[in-house]
Amino acid sequence: MSQQGYLMAAMPDASLFSFPPTNEPTPLSPAPVAASIMRPFNIPDSIYQAALDPKVPLTIAALYAVTAKALNKFNASRNKKAWAMSKTKPFFAFVVLHNVFLAVYSAWTFWGMLGGMRRSIASPFGPGGVAATADSLCRIHGPPGLGGSLYFNDTSSHWDSADPNALLGSLSGDQPSSTQMGRIWNEGLNYYGWIFYLSKFYEVLDTFIILAKGKFSSTLQTYHHAGAMLCMWAGMRYMSAPIWVFVLVNSFIHALMYTYYTLTAFSIKVPMVVKRTLTTMQITQFVTGASYAIVHSFITYVAPITVTKLSTQSVDLPAAPADSTMPTATGALDSFKQFLFGSAALDSVASGVAKESALITETSYVAQPCIPTANETFAIWLNVLYLAPLTYLFVSFFIASYVKRSTANNKIPGKTNRRLSNVTLAEKAGWDAARGIEREVYGGENMVNGHANGHIEAIEEEDETVSKPANGRARRRG
């Protein structure tokens, strides 16, 4: 009968909340593989490590924020007049190619991450139960199997495992092997997550598309673009387990969103239900993402660890006959035992006791915190704090809208058939909350052919004239 672990809620250890983070452990770059569609190039370790230097996101985020602020003042001085370049054919072509590129890239990332997750996540109906599922989601290094993961031990500053057997053959030097498959990091997060982190730098072009049209980049928009860079950096630099959900879910939504932008650039009508669905998905993803990340700090799973070891036990020997007639043979045997086993063998014979060795297995249950290191904890809570303003705004807008609609419906006398169900009220309140956040992010301005960042992408509800090529033909969105 298979042994199963179990889950329990537990408060995180206070030592996990230390700041600033250390330089340990070193981020593990993906192993080189043969080129394919899903892995078209390998990432040299030197470039991998250099991109995760904290100076990279800090410098780019600062430059982006300062530049956006300066261009806002420039647009204000021109009374929000569109730049001349925004009315040219090359600009229109750039916007279209920009959207197509990000749509294809996002779909590629989603598909690659989805395959890696399918190969990594253990079923809760399998031998290890829900504990095995938690283990596969919480611990992203080492061989597969409940309790066999590798984790960085903050106390010893070395990689460790609850199962001593897992360390055999799973380490390359003093780090987890980059070729050991079966867990999220080596199955794709190390590759797709790193490229996804770099894509946050490229996505700032969305802001400059907006600025080129004479519009303003709001403070929240700038905050979230810069914050996305830092949060993805922290998640990848410290190999924090929950970062996979941002890569997987956000790339899926980006694929849909940039496809929408591409279609509307060519005046293809997109049904309103699609717009509303996309907007709701885009705005609500941060609520579920932040909630999922927080849970990691309060989950501990208990795994059965089976260890095989050598056991030595005492065995009584038969007493030697008092009138033995073979003293020479006995002396020779004692000498042989002493040669093989030392003088302890003669002592055991003298006392009538021998030592017998055998291999035995012992199973013990070991509690494993989902997040074992302070650096992972730092990455998780940086993401949570980054998402906190939008979480607050969304909940506030949702409650206000839900209460307003409920009150309005209750004031319709004698027309109960027209009253909306709670489900419909919640759906409409969610849409209003999403639109409210969109207004906060853009300061009342709808975005055209661009978006805010990985967590707030605005889909406008009504048509709006967008860039006009040199031939004078206006482009309008869905």
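By the naming in an unreviewed UniProt entry, the protein chain is Elongation of fatty acids protein, taken from Pochonia chlamydosporia 170. Looking at the Sequence similarities (unreviewed entry) heading of the UniProt record, one finds this comment for the protein chain: "Belongs to the ELO family." The Catalytic activity (unreviewed entry) comment attached to the protein chain in UniProt states, word for word, "an acyl-CoA + malonyl-CoA + H(+) = a 3-oxoacyl-CoA + CO2 + CoA".

S.K.: So what exactly am I meant to see when it comes to the overall build of the protein chain here?
M.R.: For the protein chain, the helix and strand inventory stands at 14 helices and 7 strands. Going through the 478 residues of the protein chain one by one, you find that 46% of them count as buried. When contacts within the protein chain are restricted to residue pairs at least 6 apart in sequence, those whose partners lie at least 24 apart make up 78%. Carbon and sulfur atoms provide 64% of the accessible area of the protein chain, an area that totals close to 23,200 Å².

S.K.: Would you mind going over the pattern of salt bridges with me for this structure?
M.R.: Opposite charge on two side chains lets them pair, provided their charged atoms get close. Taken as a whole, this structure holds 4 salt bridges when the rule is applied. The salt bridge partner of Asp53 is Lys55, with a shortest N-O separation of 3.2 Å. For Lys55, a relative accessible area of 56% puts it in the exposed group. The closest approach of N and O atoms between Arg183 and Asp135, which form a salt bridge, is 2.7 Å.

S.K.: What exactly am I supposed to notice about the packing of aromatic side chains here?
M.R.: To describe a pair of aromatic rings, you give the distance between the ring centres and the angle between the ring planes. For the coordinates displayed, the defined rule picks out 22 aromatic pairs. Ring centres 6.2 Å apart and planes at 55 degrees place the aromatic pair Phe17 and Trp381 in the tilted group. A residue pair is termed long-range when its members are at least 10 positions apart, and Phe17 in the loop between strand S1 (6–9) and helix H1 (45–51) and Trp381 in helix H13 (residues 374–410) qualify at 364 residues. Judged by its relative accessible area of 24%, Trp381 is partly exposed. Ring geometry for Tyr48 against Trp194: centres 5.3 Å apart, planes inclined by 15 degrees, an arrangement best described as stacked. With Tyr48 in helix H1 and Trp194 in helix H6 (residues 185–202), this residue pair connects regions lying 146 residues apart in the sequence. By relative accessible area, which is 5% here, Trp194 ends up buried.

S.K.: Help me understand the state of the cysteines, please; the structure alone is not making it clear to me.
M.R.: Put plainly, two cysteines are in a disulfide when a covalent bond ties their sulfur atoms together. Scanning the model with the defined rule gives 1 disulfide in all. Sulfur-sulfur distance for the disulfide between Cys138 and Cys370 comes to 1.9 Å. Taking the torsion about the S-S bond as the criterion, the Cys138 to Cys370 disulfide, at about -95 degrees, is left-handed. In this pair, Cys138 sits in helix H4 (residues 129–138) while Cys370 sits in the loop between strand S7 (353–369) and H13, placing the two residues 232 residues apart along the sequence. Each of the two residues, Cys138 as well as Cys370, counts as buried.

S.K.: Explain the UniProt feature "transmembrane region" (unreviewed entry) in the protein chain to me, please; I cannot follow it from the model alone.
M.R.: Look at the UniProt record and you will see "transmembrane region" (unreviewed entry) annotated at residues 91–111, 252–274, 286–307 and 378–403. A helix fraction of 74% and a strand fraction of 0% characterise residues 252–274, whose end C-alpha atoms lie 15 Å from each other. Each end of residues 378–403 is marked by a C-alpha atom, and these two atoms are 37 Å apart; helix forms 100% of the span and strand 0%.

S.K.: Help me understand the confidence of the model for the protein chain, please; the structure alone is not making it clear to me.
M.R.: Close inspection of predicted coordinates is inappropriate for parts of the model with low pLDDT. Looking at the protein chain, the pLDDT average stands at 81 and 77% of residues meet or exceed 70. Ignoring residues within four places in sequence, the model shows residues 323–329, a span with pLDDT below 50, making 1 contact including any to other chains. Segment residues 442–478: pLDDT under 50, and 150 contacts once partners within four positions in sequence are set aside and those in other chains are kept.

S.K.: How should unusual backbone geometry be read in this particular structure?
M.R.: With the exception of glycine, most residues fall at negative phi, and the peptide bonds are largely trans. The omega torsion across Phe19 and Pro20 is 0 degrees, close enough to zero to call that bond cis. With an omega of -10 degrees, the peptide bond between Glu24 and Pro25 qualifies as cis. In this structure, Lys80 takes a positive phi of about 60 degrees despite not being glycine. Topologically, Lys80 is positioned in the loop between helix H2 (55–77) and helix H3 (89–120). Judged by relative accessible area, which is 35%, Lys80 ranks as partly exposed.

Each value, and the rule that gives it
- Residues numbered from 1 in each chain as written.
- Predicted model: local features only at pLDDT ≥ 70, side-chain atom pairs only at ≥ 80, totals over all residues.
- Heavy atoms only, no water.
- UniProt positions renumbered as here; feature names shortened; annotations may be inferred.
- Helix = DSSP H or I, 4+ residues; strand = E, 2+ residues; numbered from the N terminus.
- Buried < 20%, exposed > 50% of the residue type's maximum accessible area, 1.4 Å probe, protein only.
- Contact = heavy atoms within 4.5 Å.
- Areas by Shrake-Rupley, 256 points an atom, 1.4 Å probe, with all protein chains shown as cover.
- Salt bridge = Lys/Arg side-chain N within 4 Å of Asp/Glu carboxyl O.
- Phe/Tyr/Trp six-rings, centres within 6.5 Å; stacked < 30°, edge-to-face > 60°.
- Disulfide = S-S within 2.5 Å.
- pLDDT = per-residue confidence, 0-100.

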